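Chain by chain, the residues:
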Amino acid sequence: MKRLITVLGSTGSIGVNTLDVIRAHPDRFQVAALTAGKQVDRLAEQCIEFKPAIAVVSEASDAVRLEKLLLENNIKTQVLYGPQALVTAVTDSGCDTVMAAIVGAAGLVPTLAAAKAGKRVLLANKEALVMSGNLFMQAMKDGGGELLPIDSEHNAIFQCLPNEFTKAPHSNHGVEELWLTASGGPFRNTPLDQLASITPDQACAHPNWVMGRKISVDSATMMNKGLEVIEAFWLFGLPLEKIKVLIHPQSVVHSMVRYRDGSVLAQLGQPDMRTPIAYGLAWPERIEAGVAPLNLTQLASLHFSEPELARFPCLALAFAAAKAGGTAPTVLNAANEVAVAAFLGAGLPYLQIPAVVEKTLNAIALTNADSLEDILSMDAQARKVAREFIQVLQK
Ligand code: NAD
Ligand code: MG
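To keep things clear, this report deals only with the structure shown in the data block. In every chain, residue numbers begin from 1 and rise along the written sequence. Key to labels: chains lettered from A, ligands numbered from 1, both in the order written. Side-chain atom pairs in this predicted model are given and counted only at pLDDT of 80 or more, local residue features only at pLDDT of at least 70, and totals for whole chains, interfaces and linings cover all residues. The basis for every side-chain value is the complete set of heavy atoms in the structure, and neither hydrogens nor water enter the calculation.

Some remarks on the overall build of the chain
At step 1: From N to C terminus, the chain includes 15 helices and eleven strands.
At step 2: We compute the radius of gyration over the C-alpha atoms and compare it with the globule rule, which gives 2.2 Å times the number of residues raised to the power 0.38. For the chain, whose C-alpha radius of gyration is 20 Å, the value lies close to the compact-globule estimate of 21 Å for 395 residues.
At step 3: If one aligns the C-alpha atoms of the chain with their principal axes, the spans along those axes are about 55 × 55 × 45 Å.
At step 4: The buried label applies to any residue whose accessible area, calculated with a 1.4 Å probe on protein chains only, is under 20% of its type's maximum; exposed applies above 50%, and partly exposed to all values in between. By the burial criterion, 55% of the 395 residues in the chain qualify as buried.
At step 5: Any two residues whose heavy atoms approach within 4.5 Å are treated as being in contact. In the chain, the share of contacts with a sequence separation of at least 24, taken over all contacts with a separation of at least 6, comes to 69%.
At step 6: As presented, the chain carries roughly 17000 Å² of accessible surface, and 53% of it is formed by carbon and sulfur atoms.
At step 7: Only four residue types enter the tally: Lys and Arg on the positive side, Asp and Glu on the negative side; His and the chain ends are excluded. Where a charge lies is defined by one atom per residue type: Lys uses NZ, Arg uses CZ, Asp uses CG and Glu uses CD. The centroid of the 33 positive side-chain charges in the chain is displaced by 1 Å from the centroid of its 38 negative side-chain charges. Segments assigned H or I by DSSP are reported as helices when at least four residues long, segments assigned E as strands when at least two residues long, and all are numbered from the N terminus. Note that accessible areas follow from Shrake-Rupley with a 1.4 Å probe, and for residues the cover is restricted to the protein chains shown.

Here it is as structure tokens:
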């Protein structure tokens, strides 16, 4: 039986890499639905190649244009638009597997729908889990599907844990700590007094990984690693104190698990997302991913060090939000999305990103994150507050 796959965010960096792996295995995988925000031309090309049952874009006008492009090529894909159509792509496309690769909070509702519907969920969209950890993990349990982490660090940890661990994390498997590695991004060694004038293009020039612009900025500020600590907390169910971050500039060791008996298990590989994507698509089998073999003798050395919290205030803010719990991670994520968008598109200075996040966290009274309504309403409130801070800063 072929796996039938919906790719949420198929035109992005993860989406394109996912289709690259799918393309190499037509005997195993078939595309059920593809979704994109605004990139109509790229989505049209993908539909012509993969012939999904459903394609989704954000806006009605883009749906009209996509429909026209597909008609011209005699493609019978049903074209839908808007947030609810993302859920339809999950629930009504006949898929058994969902690659959750929309960036940011926009991915939460369809990813949650995949969890509830018992799909195999390949989770790249870490913001969805950060916003709704408890609710999302409960939805996975209720739905009875499989959750496979695609974020390279979490995929590495998943590979280094015994299979039973993810089902019963609190039982006695001897796991002492999870070590998330981080490259440190492009400004790991930049003198602190030069950070004020960083431009979006400088922040997006990641030394090892090619990624979408939002996660590239998050990697530069290390908010990405902060979000990943929260992601690991929910995925693997260990106390926060047992989740550590290590700077590892070469991005070869993708993360590690330290066991009680002194063993440390690591997963190594090229910094190429097709490895975790192929792992998630084919699990528990392993398939060709199109990734060059790792040649250890060509590596000069591997370094590891502690992150400097003074250089990366976003990491400290994420640790604090994780510790506070409830809707603190929701607020952290929303404020960060707004601040990063303002940095990328509206001239907010780089060093104001952590300032906006911190002010927003301090300005909002936190609550429990018990329902989707609570989470979405907190997300909206945090975005509003963050935008107000940015407006004041830019006056
Ligand atoms: P990207 O910006 O390249 O792609 C994002 C995708 O989401 C695109 O298809 C875009 O059209 C779609 N999208 C954006 N806004 C939308 C909206 N409002 N409604 C519907 N669709 C929308 O991002 P990416 O780098 O592929 O990252 C995707 C997710 O995977 C992020 O959550 C990121 O943190 C995570 N991730 C990415 C990488 C990586 O190497 N790129 C690694 C680990 C985790
Ligand atoms: Mg990662």
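A few points about the pairing of strand S8 (residues 175-182)
At step 1: Taking burial as the measure, the eight residues of S8 include six buried ones, the bulk of the element.
At step 2: Paired strands, in this sense, are two strands between which DSSP finds at least two bridges. In terms of strand pairing, S8 meets strand S10 (residues 253-259) through five bridges, oriented antiparallel. When the bridges of S10 are listed, Leu180 appears paired with Ser255.
At step 3: Looking at chain direction, S8 and strand S9 (residues 243-247) are connected through five bridges and run parallel.

Describing the pattern of salt bridges
At step 1: The term salt bridge refers to a pairing of a side-chain nitrogen on Lys or Arg with a carboxyl oxygen on Asp or Glu at a separation within 4 Å. Under the definition given, this model contains 24 salt bridges.
At step 2: Here Arg383 makes a salt bridge to Glu337, at a shortest N to O gap of 3.1 Å. Residue Arg383 is located in helix H15 (residues 372-394), and its partner Glu337 is located in helix H13 (residues 328-345); the two are separated by 46 residues in the primary sequence.
At step 3: Residue Glu337 is classed as buried on the basis of its relative accessible area, which comes to 14%.
At step 4: Among the ionic pairs, Glu388 bridges to Lys384, the shortest N-O distance being 3.5 Å.

As for the site of ligand 1
At step 1: One heavy atom within 4 Å of a molecule or strand makes the whole residue count as near it. Around ligand 1, the surrounding shell holds 23 residues, and the nearest of these are Thr11, Gly37, Gln39, Glu127 and Gly212.
At step 2: Whenever two N or O atoms come within 3.5 Å, that pair is a polar contact, provided that in protein one can donate a hydrogen and the other can accept it, and provided that, for residues adjacent in sequence, both atoms are side-chain atoms. Here an oxygen atom of ligand 1 and a backbone polar atom of Ser13 are 2.9 Å apart.
At step 3: Within the contact set of ligand 1, an oxygen atom lies 2.9 Å away from a backbone nitrogen or oxygen of Ile14.
At step 4: Protein burial of ligand 1: of its 820 Å² of free accessible surface, 85% is covered by the chains.
At step 5: Sorting the residues of the shell around ligand 1 by element identifies helix H1 (13-23) and helix H6 (126-143) as the ones contributing at least two each.
At step 6: Across the shell around ligand 1, the residue classes tally to ten nonpolar, ten polar and three charged. Under the convention adopted here, Pro, Cys and the residues Ala, Val, Leu, Ile, Met, Phe, Trp and Tyr are nonpolar, Asp, Glu, Lys and Arg are charged, and Gly plus all remaining residues are polar.

Thoughts on the coordination of the magnesium ion (ligand 2)
Note on metal sites: the ideal angle is 109.5 degrees for four tetrahedral donors, and 90 or 180 degrees for six octahedral donors.
At step 1: Nitrogen, oxygen and sulfur within 2.8 Å of a metal are treated as its donors, or within 3.2 Å for sodium, potassium and calcium (Na, K, Ca); water is not counted, so a site can appear incomplete. The magnesium ion (ligand 2) binds to the protein through Asp151 (OD), Glu153 (OE) and Glu228 (OE), with metal-donor distances spanning 2.1 to 2.2 Å.
At step 2: Ordering the donors of the magnesium ion (ligand 2) by residue number gives the pattern D-x1-E-x74-E.

Remarks on the packing of aromatic side chains
At step 1: Each Phe, Tyr or Trp ring (for Trp, its six-membered ring) is paired with any other whose centre lies within 6.5 Å, and the angle between the two planes then decides the class: stacked below 30 degrees, edge-to-face above 60, tilted in between. All told, the structure shown has five aromatic pairs when counted by the stated rule.
At step 2: Each ring, one from Phe158 and one from Tyr279, has its centre 6.2 Å from the other, and the planes form 80 degrees; the classification is edge-to-face. With Phe158 in helix H7 (residues 152-160) and Tyr279 in helix H11 (residues 274-282), the pair connects residues that are 121 residues apart, well separated along the chain.
At step 3: In this structure Phe158 comes out as buried when scored by relative accessible area, which is 9%.
At step 4: With 6.2 Å between their ring centres and 70 degrees between their planes, Phe158 and Trp283 make a pair best called edge-to-face. Residue Phe158 is found in helix H7, and its partner Trp283 is found in the loop between H11 and helix H12 (313-324); the two are separated by 125 residues along the sequence.
At step 5: A connected cluster of aromatic rings, assembled from ring pairs, spans Phe158, Tyr279 and Trp283.

Some words on the sheet that holds strand S2 (residues 29-35)
At step 1: Judged by pairing direction, the sheet is parallel, and its seven strands sit side by side in the order S4-S3-S2-S1-S5-S6-S7 without closing on themselves. Edge positions in the open sheet fall to strand S4 (78-81) and strand S7 (147-149), since each of these has one partner strand only. In this sheet, adjacent strand axes meet at a mean angle of 25 degrees when their direction is disregarded.
At step 2: By the bridge criterion, four bridges tie strand S3 (residues 54-57) to S4 in an arrangement that is parallel. By the bridge assignment for S4, Val56 is matched with Leu80.
At step 3: Against the sheet, helix H2 (residues 40-50) makes contact with S2 and S3, and its axis sits at roughly 155 degrees relative to S2, the strand it touches most. Angles shown run from 0 to 180 degrees and are taken between the N-to-C directions of axes, each axis being a line fitted to C-alpha atoms and, for helices, limited to the stretch in contact.

Remarks on the side chain of Arg120
At step 1: Checked against the element boundaries, Arg120 lands in strand S6 (residues 120-123).
At step 2: For Arg120, the side chain forms a polar contact with the main-chain oxygen of Gly280, separated by 3.0 Å.
At step 3: Separated by 3.3 Å, the side chain of Arg120 and the backbone oxygen of Leu281 make a polar contact.
At step 4: If we skip the residues at most four places from it in the chain, Arg120 touches Arg3, Asp96, Thr97, Val98, Glu146, Leu148, Gly280, Leu281, Ala282 and Trp283.

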